[in-house]
Amino acid sequence: TINETVNVVEILSIYDYTPSEIAASWYDEADMDKITQRCFKVLQRMESGGTKNGQKYCTRGLEGHSTLGSISKKKARTAAVTAALEEQARQWNENEEIDDQAISDAYRKTTASCQMWAQVIGNRDQQATEAYLYPDEEDEEVDATATVSSIKSTDSALKRRIRKESDMACIKQKSARAA
């Protein structure tokens, strides 16, 4: 639900900040390098199936940077661009006027399964966040214990299943289009 109460917070322009305030407010290149290196370490642990001292790390948001996630993302993007270009070429070959909506529809049809998975993951994130922020509220649809633990730990099996199902959906979509 959308909160209908509007809160306005005035913020300073970057030009009104002192150099020390800028340093305290934004990441610099060194900070970004550290974050990137930590993300790579987490990805390496995730892909090797290992943990550090029995700890699990949250990989949420890094899925697309894993080997499997990267391949899946490239395949989905390639299929989407190919669908749009093929529709455009079909229109040119048939000497039709360019139908932007048909090109858009071809692209959208190809990416529908990816959009669905993004929505599923977004809904899970929303439920997990709500369970984390409002642990005392009981919600019949959300198992707060399971959801909060999903924020705090990595559920590798589920993520592998989601990636596999997403890959299969994209492959099925591509096969259907080719047929």
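Keep in mind that what you see is a predicted model, and the values were worked out from it rather than measured.

As for a nonpolar patch on the surface
Point 1. Taken together, the side chains of Ile-14, Tyr-15, Ile-22 and Trp-26 define a hydrophobic patch exposed on the protein surface, amounting to about 460 Å² of accessible area.
Point 2. A relative accessible area of 39% places Ile-14 in the partly exposed class.

Some points on helix α2 (residues 29–48)
Point 1. Taking 1.5 Å per residue as the helical rise, α2 with its 20 residues ought to reach 28 Å, and the 28 Å between its terminal C-alpha atoms agrees with that figure.
Point 2. When we look at burial in α2, the residues that qualify are Val-42, Leu-43 and Met-46. The buried residues of α2 all sit within an arc of 100° when viewed along its axis, so they share a single face. Opposite the packed face of α2, turned more than 90 degrees from it, sit the exposed residues Glu-29, Lys-34, Gln-44 and Ser-48.
Point 3. Here α2 starts with a cap whose side-chain oxygen sits 3.2 Å from the backbone nitrogen of Ala-30, and that cap is Asp-28.
Point 4. Two residues or fewer past α2, Gly-49 is found with a positive phi of approximately 80°.

Cut-off values and rules
Residues numbered from 1 in each chain as written. Predicted model: local features only at pLDDT ≥ 70, side-chain atom pairs only at ≥ 80, totals over all residues. Heavy atoms only, no water. Patch = residues over 30% accessible without salt bridge, like charges linked within 9 Å, V, L, I, M, F, W, Y side chains within 5 Å. Areas by Shrake-Rupley, 256 points an atom, 1.4 Å probe, with all protein chains shown as cover. Salt bridge = Lys/Arg side-chain N within 4 Å of Asp/Glu carboxyl O. Buried < 20%, exposed > 50% of the residue type's maximum accessible area, 1.4 Å probe, protein only. Helix = DSSP H or I, 4+ residues; strand = E, 2+ residues; numbered from the N terminus. Expected span 1.5 Å × (residues − 1). Arc of directions from axis to C-beta. Polar contact = N/O pair within 3.5 Å; in protein donor to acceptor, adjacent residues only side chain to side chain.

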